[in-house]
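# Fold and contact review
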Amino acid sequence: MSDAARIAEEARRADIRTRWWLTTPALVILFIAAVGPLFVVLLFSLMVKGDYGDVKYWQFSGDGWFSVFFERDIFDDSVGLAQAHVEILWRSVKLSLITTLLTLLIGFPTAYYISIQPPKKRDLLVFMITIPFWTNILIRTFAMQEVIRNEGVINTLLVWSGLIDKPIQIMYTDWAIFFGMVYVYLPLMVLPLYASMEKIDFRLVEAGYDLYAGRFQVLRRVIIPLVKPGIVAGSILVFIPSLGAYVTPRVLGGGKNLMLGNLIDLQFGQGKNWPLGAALSITLLIIVTVALLVYVRNASQQGSGHGH
(Lines give C-alpha, C1' and ligand atoms only; values in the text may rest on other atoms or scores of the structure.)
Protein backbone atom coordinates (compact mmCIF):
# COMPACT_ATOMS: atom_id res chain seq x y z
CA MET A 1 0.00 0.00 0.00
CA SER A 2 1.38 3.38 -1.02
CA ASP A 3 1.86 6.26 1.43
CA ALA A 4 -1.02 8.21 -0.13
CA ALA A 5 -3.37 5.24 0.17
CA ARG A 6 -2.31 4.63 3.78
CA ILE A 7 -2.87 8.28 4.69
CA ALA A 8 -6.30 8.21 3.03
CA GLU A 9 -7.24 5.03 4.93
CA GLU A 10 -6.10 6.54 8.24
CA ALA A 11 -8.12 9.68 7.51
CA ARG A 12 -11.19 7.56 6.74
CA ARG A 13 -10.84 5.64 10.01
CA ALA A 14 -10.35 8.85 11.96
CA ASP A 15 -13.49 10.26 10.35
CA ILE A 16 -15.46 7.14 11.35
CA ARG A 17 -14.17 7.39 14.93
CA THR A 18 -15.14 11.08 15.07
CA ARG A 19 -18.65 10.28 13.84
CA TRP A 20 -19.05 7.57 16.47
CA TRP A 21 -17.92 9.94 19.23
CA LEU A 22 -20.36 12.59 18.00
CA THR A 23 -23.26 10.15 17.92
CA THR A 24 -22.46 8.53 21.28
CA PRO A 25 -24.52 11.01 23.38
CA ALA A 26 -27.55 10.49 21.14
CA LEU A 27 -27.15 6.70 21.34
CA VAL A 28 -26.87 6.84 25.14
CA ILE A 29 -30.03 8.97 25.40
CA LEU A 30 -31.83 6.62 23.01
CA PHE A 31 -30.84 3.61 25.11
CA ILE A 32 -31.88 5.25 28.38
CA ALA A 33 -35.19 6.58 27.02
CA ALA A 34 -36.25 3.62 24.85
CA VAL A 35 -34.31 0.43 25.48
CA GLY A 36 -33.87 1.04 29.22
CA PRO A 37 -37.58 1.03 30.16
CA LEU A 38 -38.19 -2.02 27.99
CA PHE A 39 -35.37 -3.81 29.80
CA VAL A 40 -36.94 -2.90 33.16
CA VAL A 41 -40.31 -4.25 32.00
CA LEU A 42 -38.62 -7.46 30.86
CA LEU A 43 -36.94 -7.83 34.27
CA PHE A 44 -40.26 -7.24 36.06
CA SER A 45 -41.86 -9.99 33.98
CA LEU A 46 -39.28 -12.43 35.32
CA MET A 47 -39.57 -11.48 39.00
CA VAL A 48 -41.78 -12.73 41.82
CA LYS A 49 -45.07 -10.95 42.44
CA GLY A 50 -44.97 -8.60 45.41
CA ASP A 51 -47.48 -8.48 48.24
CA TYR A 52 -48.64 -4.92 47.62
CA GLY A 53 -48.69 -4.57 43.85
CA ASP A 54 -44.95 -4.43 43.19
CA VAL A 55 -42.28 -7.10 42.67
CA LYS A 56 -39.79 -8.81 44.96
CA TYR A 57 -36.59 -7.45 43.51
CA TRP A 58 -33.97 -9.95 42.36
CA GLN A 59 -36.23 -12.90 43.18
CA PHE A 60 -36.84 -14.42 39.79
CA SER A 61 -39.72 -16.62 38.68
CA GLY A 62 -41.48 -17.59 35.46
CA ASP A 63 -44.97 -17.28 36.94
CA GLY A 64 -45.64 -14.03 35.08
CA TRP A 65 -45.02 -15.59 31.68
CA PHE A 66 -46.77 -18.80 32.71
CA SER A 67 -49.91 -16.82 33.61
CA VAL A 68 -50.11 -15.18 30.18
CA PHE A 69 -51.67 -18.28 28.64
CA PHE A 70 -52.10 -20.73 31.55
CA GLU A 71 -53.62 -20.79 35.02
CA ARG A 72 -53.70 -23.17 37.97
CA ASP A 73 -56.91 -24.42 39.53
CA ILE A 74 -57.28 -23.12 43.09
CA PHE A 75 -58.61 -26.49 44.32
CA ASP A 76 -56.49 -29.25 42.76
CA ASP A 77 -53.60 -27.12 41.37
CA SER A 78 -54.18 -28.51 37.88
CA VAL A 79 -52.97 -26.48 34.92
CA GLY A 80 -55.42 -25.20 32.32
CA LEU A 81 -55.65 -22.61 29.59
CA ALA A 82 -56.25 -19.04 30.78
CA GLN A 83 -59.53 -18.62 28.93
CA ALA A 84 -59.96 -14.95 29.84
CA HIS A 85 -56.50 -13.98 28.57
CA VAL A 86 -56.85 -15.99 25.37
CA GLU A 87 -60.27 -14.47 24.75
CA ILE A 88 -58.96 -10.93 25.27
CA LEU A 89 -55.97 -11.62 23.01
CA TRP A 90 -58.24 -13.02 20.32
CA ARG A 91 -60.64 -10.07 20.66
CA SER A 92 -57.73 -7.64 20.33
CA VAL A 93 -56.33 -9.29 17.21
CA LYS A 94 -59.78 -9.82 15.69
CA LEU A 95 -60.97 -6.25 16.21
CA SER A 96 -57.63 -4.87 15.02
CA LEU A 97 -57.75 -6.92 11.81
CA ILE A 98 -61.40 -6.00 11.13
CA THR A 99 -60.62 -2.34 11.84
CA THR A 100 -57.69 -2.48 9.42
CA LEU A 101 -59.82 -4.13 6.73
CA LEU A 102 -62.71 -1.68 7.02
CA THR A 103 -60.46 1.38 7.11
CA LEU A 104 -58.84 0.02 3.95
CA LEU A 105 -62.22 -0.46 2.25
CA ILE A 106 -63.26 3.10 3.18
CA GLY A 107 -59.86 4.73 2.81
CA PHE A 108 -58.99 3.30 -0.62
CA PRO A 109 -61.80 4.99 -2.60
CA THR A 110 -61.40 8.12 -0.46
CA ALA A 111 -57.70 8.39 -1.27
CA TYR A 112 -58.36 7.62 -4.94
CA TYR A 113 -61.00 10.35 -5.16
CA ILE A 114 -58.62 12.87 -3.58
CA SER A 115 -55.77 11.90 -5.92
CA ILE A 116 -57.76 12.58 -9.11
CA GLN A 117 -58.89 16.05 -8.03
CA PRO A 118 -57.25 19.33 -9.18
CA PRO A 119 -54.25 20.34 -7.03
CA LYS A 120 -56.03 23.10 -5.06
CA LYS A 121 -59.03 20.93 -4.22
CA ARG A 122 -56.71 18.03 -3.46
CA ASP A 123 -54.79 20.09 -0.89
CA LEU A 124 -58.05 21.17 0.74
CA LEU A 125 -59.30 17.58 1.01
CA VAL A 126 -56.01 16.37 2.51
CA PHE A 127 -56.19 19.25 4.97
CA MET A 128 -59.69 18.15 5.98
CA ILE A 129 -58.46 14.57 6.50
CA THR A 130 -55.85 15.82 8.97
CA ILE A 131 -58.31 17.91 11.01
CA PRO A 132 -59.23 15.00 13.40
CA PHE A 133 -55.58 14.86 14.50
CA TRP A 134 -56.02 18.29 16.05
CA THR A 135 -58.40 16.83 18.62
CA ASN A 136 -57.47 14.56 21.51
CA ILE A 137 -58.40 10.91 20.99
CA LEU A 138 -60.45 10.94 24.21
CA ILE A 139 -62.65 13.76 22.89
CA ARG A 140 -63.10 11.95 19.57
CA THR A 141 -64.08 8.78 21.42
CA PHE A 142 -66.69 10.63 23.48
CA ALA A 143 -67.99 12.14 20.22
CA MET A 144 -68.49 8.61 18.86
CA GLN A 145 -70.30 7.75 22.08
CA GLU A 146 -72.89 10.41 21.21
CA VAL A 147 -73.39 8.74 17.82
CA ILE A 148 -73.89 5.12 18.90
CA ARG A 149 -75.57 5.36 22.32
CA ASN A 150 -79.24 4.43 22.72
CA GLU A 151 -80.35 8.05 22.31
CA GLY A 152 -77.62 8.80 19.79
CA VAL A 153 -77.71 9.74 16.13
CA ILE A 154 -77.85 6.21 14.69
CA ASN A 155 -80.65 4.90 16.90
CA THR A 156 -82.62 8.14 16.59
CA LEU A 157 -82.53 7.94 12.78
CA LEU A 158 -83.43 4.24 12.74
CA VAL A 159 -86.39 4.74 15.07
CA TRP A 160 -87.54 7.84 13.18
CA SER A 161 -87.38 5.98 9.86
CA GLY A 162 -89.45 3.09 11.27
CA LEU A 163 -86.78 0.44 10.65
CA ILE A 164 -86.69 -0.45 14.35
CA ASP A 165 -89.18 -0.10 17.22
CA LYS A 166 -86.70 0.48 20.01
CA PRO A 167 -83.02 1.49 20.18
CA ILE A 168 -80.38 -1.13 19.41
CA GLN A 169 -77.83 -1.72 22.16
CA ILE A 170 -74.52 -0.77 20.54
CA MET A 171 -72.71 0.80 23.46
CA TYR A 172 -70.55 -1.46 25.63
CA THR A 173 -70.22 -4.13 22.94
CA ASP A 174 -67.47 -5.21 20.56
CA TRP A 175 -69.34 -3.32 17.85
CA ALA A 176 -68.97 -0.07 19.77
CA ILE A 177 -65.20 -0.61 20.09
CA PHE A 178 -65.01 -1.50 16.41
CA PHE A 179 -66.89 1.61 15.26
CA GLY A 180 -64.80 3.81 17.55
CA MET A 181 -61.47 2.45 16.31
CA VAL A 182 -62.49 2.77 12.66
CA TYR A 183 -63.44 6.40 13.25
CA VAL A 184 -60.25 7.20 15.19
CA TYR A 185 -57.73 5.43 12.92
CA LEU A 186 -59.25 6.02 9.46
CA PRO A 187 -56.98 9.04 8.69
CA LEU A 188 -53.94 6.83 9.34
CA MET A 189 -55.07 4.68 6.40
CA VAL A 190 -56.11 7.46 4.04
CA LEU A 191 -52.89 9.47 4.16
CA PRO A 192 -50.42 6.66 3.18
CA LEU A 193 -52.82 5.52 0.44
CA TYR A 194 -53.07 9.05 -0.91
CA ALA A 195 -49.27 9.42 -0.82
CA SER A 196 -48.98 6.34 -3.06
CA MET A 197 -51.88 7.21 -5.36
CA GLU A 198 -50.61 10.73 -5.92
CA LYS A 199 -47.57 9.25 -7.67
CA ILE A 200 -49.58 7.04 -10.04
CA ASP A 201 -49.08 7.74 -13.74
CA PHE A 202 -52.74 7.65 -14.79
CA ARG A 203 -51.65 7.07 -18.39
CA LEU A 204 -51.16 3.47 -17.28
CA VAL A 205 -54.81 3.35 -16.23
CA GLU A 206 -55.85 4.78 -19.59
CA ALA A 207 -53.65 2.20 -21.32
CA GLY A 208 -55.46 -0.56 -19.42
CA TYR A 209 -58.81 0.70 -20.69
CA ASP A 210 -57.37 0.98 -24.22
CA LEU A 211 -56.45 -2.70 -23.99
CA TYR A 212 -60.13 -3.52 -23.25
CA ALA A 213 -59.64 -4.17 -19.55
CA GLY A 214 -62.69 -3.68 -17.35
CA ARG A 215 -62.74 -1.45 -14.29
CA PHE A 216 -62.19 -4.35 -11.92
CA GLN A 217 -59.27 -5.63 -14.01
CA VAL A 218 -57.66 -2.18 -14.10
CA LEU A 219 -58.09 -1.91 -10.33
CA ARG A 220 -56.65 -5.37 -9.68
CA ARG A 221 -53.87 -5.44 -12.30
CA VAL A 222 -52.80 -1.78 -12.48
CA ILE A 223 -53.85 0.39 -9.54
CA ILE A 224 -53.49 -2.01 -6.58
CA PRO A 225 -49.93 -3.16 -7.52
CA LEU A 226 -48.87 0.49 -7.84
CA VAL A 227 -50.27 1.50 -4.46
CA LYS A 228 -49.34 -1.70 -2.60
CA PRO A 229 -46.65 0.08 -0.48
CA GLY A 230 -49.32 2.55 0.67
CA ILE A 231 -51.72 -0.30 1.47
CA VAL A 232 -49.10 -2.09 3.57
CA ALA A 233 -47.98 1.11 5.32
CA GLY A 234 -51.56 2.16 6.10
CA SER A 235 -52.43 -1.31 7.36
CA ILE A 236 -49.46 -1.30 9.74
CA LEU A 237 -50.27 2.23 10.94
CA VAL A 238 -53.83 1.16 11.75
CA PHE A 239 -53.21 -2.38 13.03
CA ILE A 240 -50.49 -1.52 15.57
CA PRO A 241 -52.32 1.24 17.51
CA SER A 242 -55.57 -0.72 17.25
CA LEU A 243 -53.92 -3.72 18.88
CA GLY A 244 -52.73 -1.67 21.83
CA ALA A 245 -55.80 0.58 22.04
CA TYR A 246 -56.74 1.63 25.56
CA VAL A 247 -58.99 4.71 25.52
CA THR A 248 -61.53 3.51 22.94
CA PRO A 249 -62.21 0.07 24.52
CA ARG A 250 -62.28 1.70 27.96
CA VAL A 251 -64.89 4.32 27.05
CA LEU A 252 -66.98 2.47 24.46
CA GLY A 253 -66.54 -1.03 25.89
CA GLY A 254 -67.56 0.06 29.37
CA GLY A 255 -64.79 -1.96 31.05
CA LYS A 256 -66.51 -5.24 30.15
CA ASN A 257 -65.06 -5.82 26.66
CA LEU A 258 -61.36 -5.63 27.44
CA MET A 259 -58.50 -5.52 24.98
CA LEU A 260 -54.81 -6.09 25.63
CA GLY A 261 -54.15 -2.50 26.69
CA ASN A 262 -56.95 -2.64 29.24
CA LEU A 263 -55.80 -6.03 30.54
CA ILE A 264 -52.27 -4.70 31.07
CA ASP A 265 -53.63 -1.68 32.93
CA LEU A 266 -55.79 -3.98 35.06
CA GLN A 267 -52.80 -6.08 36.14
CA PHE A 268 -50.72 -3.05 37.13
CA GLY A 269 -53.72 -1.52 38.91
CA GLN A 270 -56.48 -3.53 40.56
CA GLY A 271 -54.88 -6.91 39.85
CA LYS A 272 -51.63 -5.93 41.61
CA ASN A 273 -49.75 -8.45 39.48
CA TRP A 274 -46.86 -6.54 37.96
CA PRO A 275 -45.00 -9.60 36.56
CA LEU A 276 -48.11 -10.65 34.60
CA GLY A 277 -48.70 -7.09 33.41
CA ALA A 278 -45.07 -6.83 32.30
CA ALA A 279 -45.25 -10.20 30.52
CA LEU A 280 -48.42 -9.12 28.72
CA SER A 281 -46.68 -5.88 27.72
CA ILE A 282 -43.76 -7.80 26.22
CA THR A 283 -46.22 -10.14 24.46
CA LEU A 284 -47.90 -7.12 22.88
CA LEU A 285 -44.48 -5.78 21.89
CA ILE A 286 -43.61 -9.10 20.24
CA ILE A 287 -46.83 -9.06 18.19
CA VAL A 288 -46.14 -5.48 17.10
CA THR A 289 -42.54 -6.35 16.21
CA VAL A 290 -43.70 -9.26 14.05
CA ALA A 291 -46.10 -6.94 12.24
CA LEU A 292 -43.30 -4.43 11.65
CA LEU A 293 -40.98 -7.16 10.37
CA VAL A 294 -43.65 -8.21 7.88
CA TYR A 295 -43.89 -4.59 6.73
CA VAL A 296 -40.10 -4.19 6.41
CA ARG A 297 -39.80 -7.45 4.50
CA ASN A 298 -42.60 -6.42 2.15
CA ALA A 299 -41.05 -2.99 1.64
CA SER A 300 -37.64 -4.50 0.88
CA GLN A 301 -39.21 -6.87 -1.65
CA GLN A 302 -40.97 -3.91 -3.26
CA GLY A 303 -37.66 -2.06 -3.45
CA SER A 304 -35.79 -5.01 -4.97
CA GLY A 305 -38.63 -5.53 -7.43
CA HIS A 306 -38.45 -1.92 -8.60
CA GLY A 307 -34.67 -2.24 -8.78
CA HIS A 308 -34.99 -5.06 -11.32
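Being a predicted model, the structure only gives us computed values, none of them experimental. (Residues numbered from 1 in each chain as written. Predicted model: local features only at pLDDT ≥ 70, side-chain atom pairs only at ≥ 80, totals over all residues. Heavy atoms only, no water.)

Within the chain one finds 12 helices and four strands. For 308 residues, the compact-globule formula gives about 19 Å, and the C-alpha radius of gyration of the chain, at 26 Å, lies well above that figure. On the principal axes, the C-alpha backbone points of the chain span a range of 90 × 75 × 35 Å. Here the chain holds 308 residues, and 34% of them are scored as buried. Expressed as a percentage of contacts within the chain between residues at least 6 apart in sequence, the contacts between residues at least 24 apart total 62%. Taken as a whole, the chain presents about 19,200 Å² of accessible surface, with 67% of it coming from carbon and sulfur. Looking at the chain, you have 26 positive and 22 negative side-chain charges, and the mean spots of the two groups are 7 Å apart. (Helix = DSSP H or I, 4+ residues; strand = E, 2+ residues; numbered from the N terminus. Rg over C-alpha atoms; globule rule 2.2 N^0.38 Å. Buried < 20%, exposed > 50% of the residue type's maximum accessible area, 1.4 Å probe, protein only. Contact = heavy atoms within 4.5 Å. Areas by Shrake-Rupley, 256 points an atom, 1.4 Å probe, with all protein chains shown as cover. Lys, Arg positive; Asp, Glu negative; His and termini not counted. Charge placed at Lys NZ, Arg CZ, Asp CG, Glu CD.)

Residues Phe-108, Ile-114, Met-181 and Leu-193 are the most contacted members of the largest nonpolar core, which totals 29 residues. For this core, the secondary structure elements donating two or more residues are α3 (83-115), α4 (119-130), α7 (174-197) and α9 (215-243). The element contributing the most residues to this core is α7, with 11 residues. When residues no more than four places from it in sequence are discounted, the contact partners of Phe-108 are Thr-103, Leu-193, Met-197, Leu-219, Ile-223, Ile-224, Val-227 and Ile-231. Leu-260, Leu-263, Leu-276 and Ala-291 belong to the second-largest nonpolar core, a separate cluster that totals 16 residues. (Core = buried A, V, L, I, M, F, W, Y, C linked by side-chain atoms within 4.5 Å.)

Now for the pattern of salt bridges. If you walk through the whole model with that rule in mind, you get seven salt bridges. Among the salt bridges present, the one from Arg-122 reaches Glu-198, with a minimum N-O distance of 3.9 Å. Pair noted here: Arg-122 is in helix α4 and Glu-198 is in the loop between α7 and α8 (202-210), with a separation of 76 residues, a long-range link. The exposure class assigned to Arg-122 is buried, which follows from its relative accessible area of 17%. (Salt bridge = Lys/Arg side-chain N within 4 Å of Asp/Glu carboxyl O.)

Time to look at the packing of α3 against α7. Where α3 meets α7, the axes come as close as 6 Å, and the angle between the chain directions of the two elements is 40°. With respect to their mutual orientation, α3 and α7 come out oblique. Two packed elements cross with a definite hand, and for α3 against α7 that hand is right-handed. Across the contact of α3 with α7, the residue classes tally to 20 nonpolar, seven polar and three charged. (Axes fitted to C-alpha atoms, helices over the stretch in contact; angles between N-to-C directions. Parallel < 35°, antiparallel > 145°, perpendicular 65-115°, else oblique. Left-handed = near helix turned anticlockwise from the far one by under 90°. Nonpolar A, V, L, I, M, F, W, Y, C, P; charged D, E, K, R; others polar.)

So, about α9. With 29 residues, α9 extends just 34 Å between its outermost C-alpha atoms, more than 12% less than the 42 Å of an ideal straight helix rising 1.5 Å per residue. Lys-228 marks the point of greatest bend in α9, at about 55°, and the proline Pro-229 comes within the next four residues. (Expected span 1.5 Å × (residues − 1). Bend = angle between axes of the 7 residues up to and from the residue.)

Moving on, we get to α7. The terminal C-alpha atoms of α7, which comprises 24 residues, lie 33 Å apart, in line with the 34 Å expected from a rise of 1.5 Å per residue. The sharpest bend along α7 comes to roughly 45°, located at Tyr-185, with the proline Pro-187 sitting one to four residues further on.

Okay, the packing of helix α5 (residues 137-148) against helix α6 (residues 153-161) next. Contact geometry for α5 and α6: axes closest at 4 Å, N-to-C directions at 15°. One way to sum up the angle between α5 and α6 is to call them roughly parallel. Residue-level contacts link Glu-146, Val-147 and Ile-148 of α5 to Val-153, Ile-154 and Asn-155 of α6.

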